[in-house]
Amino acid sequence: MSKKVKRTNPTKVITGIVRLSYANVWEPKSINGGTEKYSVSLIIPKSDTKTLNAINEAVDAAIEEGKGKFGGKIPNKAALKLPLRDGDIDRPDDEAYAESYFINANSITPPQVVDKNVNPVLDRSEVYSGVYGRVSVSFYAFNSNGNKGIACGLGNVQKIRDGEPLGGRTNAAEEFT
C-alpha cells in the first residue's frame, strides 16, 4: 500500500533526480514569438515512481483547484492537455528520452540555481542540457484559445551531478587534447 505524502501546497512537487534538457535557466527565450520565459524539459526515469506519483497527485490537485477555469466543473482528464508525456511515444528518435517521461516547465521569473550543497551556482557553464538535478515545479490549470489543461511552472533548480551534454555539444578540453 503506497503512502501519500502530505504537502503544504498540493500542486507543488520537488522532483527526484531528473535530467535537464533544453535548459534555458540563465536567460529567458521566446518560443514561436511568445513571451520570453525561462524553461527546461525534465526527463524523469520511468523507474522513479515516487516523483511520477507526486506529479500525478499534483496534476489532480491542479485540476480540482482550477475547476473555475473549466466552467466550475472538473472535466474528464482525457479531454485536458496534461504536462506529463511519455518519451518513448512523443520523442521516439531521441535516445535521452528513452524509458522516461518528461515535463516541460517554464517561468517568466528566473529560477534560483544551486549546487548539491544549496550554494548558488555562479558559473553558468555548470548547468546545461544533460546535467542531473532536482527541480521544484508547480502545476496550474489553463483555459485559453480553446485549449484546456494543466501547465507546469518552473521553480528552482538544484544541480546534483554532471551528465553527458545533450544536443551534440562537446567539451573543448576533450576536443583539443
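Residues numbered from 1 in each chain as written. Predicted model: local features only at pLDDT ≥ 70, side-chain atom pairs only at ≥ 80, totals over all residues. Heavy atoms only, no water.

Draft legend 1. Region of the structure containing the overall build of the protein. Secondary structure assignment for the protein yields three helices and eight strands. Walking the protein from its N terminus toward its C terminus, one meets helices and strands in the order β-β-β-α-β-α-β-β-β-β-α. On C-alpha atoms alone, the protein measures out to a radius of gyration of 17 Å, which is about the 16 Å that the 2.2 N^0.38 rule sets for 177 residues. Taken over the C-alpha atoms alone, the protein extends approximately 60 × 45 × 35 Å along its principal axes. Out of the 177 residues belonging to the protein, those deemed buried represent 38%. Within the protein, contacts between residues at least 6 apart in sequence are counted, and of these 68% link residues at least 24 apart. (Helix = DSSP H or I, 4+ residues; strand = E, 2+ residues; numbered from the N terminus. Rg over C-alpha atoms; globule rule 2.2 N^0.38 Å. Buried < 20%, exposed > 50% of the residue type's maximum accessible area, 1.4 Å probe, protein only. Contact = heavy atoms within 4.5 Å.)

Draft legend 2. Representation of the environment of Gly149 within the structure. Position of Gly149 relative to the elements: it lies in strand S8 (residues 147–161). Between the alpha carbons of Gly149 and Gly133 there is a distance of 27 Å; along the sequence they are 16 residues apart. Filtering out sequence-adjacent residues up to four positions away, Gly149 remains in contact with Phe70, Leu80, Lys81, Tyr140, Ala141 and Phe142.

Draft legend 3. Spatial organisation of the pairing of strand S3 (residues 37–45). Of all nine residues in S3, seven are buried, a share of seventy percent or more. Bridge count between strand S2 (residues 18–29) and S3: five bridges; the pairing is antiparallel. Note that in S3 the partner of Leu20 across the bridge is Leu42. Note that S3 and strand S5 (residues 100–107) share eight bridges and pair antiparallel. By the bridge assignment for S5, Ser39 is matched with Asn106. (Pairing = 2+ DSSP bridges.)

Draft legend 4. A look at the pattern of salt bridges. A complete count under the given rule lists eight salt bridges for this structure. With a closest N to O distance of 2.7 Å, Arg124 and Glu27 form a salt bridge. Linking Arg124 in the loop between strand S6 (113–114) and strand S7 (132–144) with Glu27 in strand S2, this pair joins segments that are 97 residues apart in sequence. Residue class for Arg124 comes out partly exposed when judged on its relative accessible area of 44%. A salt bridge links Arg85 to Asp90, with the shortest nitrogen-to-oxygen separation between them at 3.2 Å. Look at Arg85 and you get partly exposed, because its relative accessible area is 28%. Taking relative accessible area as the criterion, Asp90 reaches 37% and is therefore assigned partly exposed. (Salt bridge = Lys/Arg side-chain N within 4 Å of Asp/Glu carboxyl O.)

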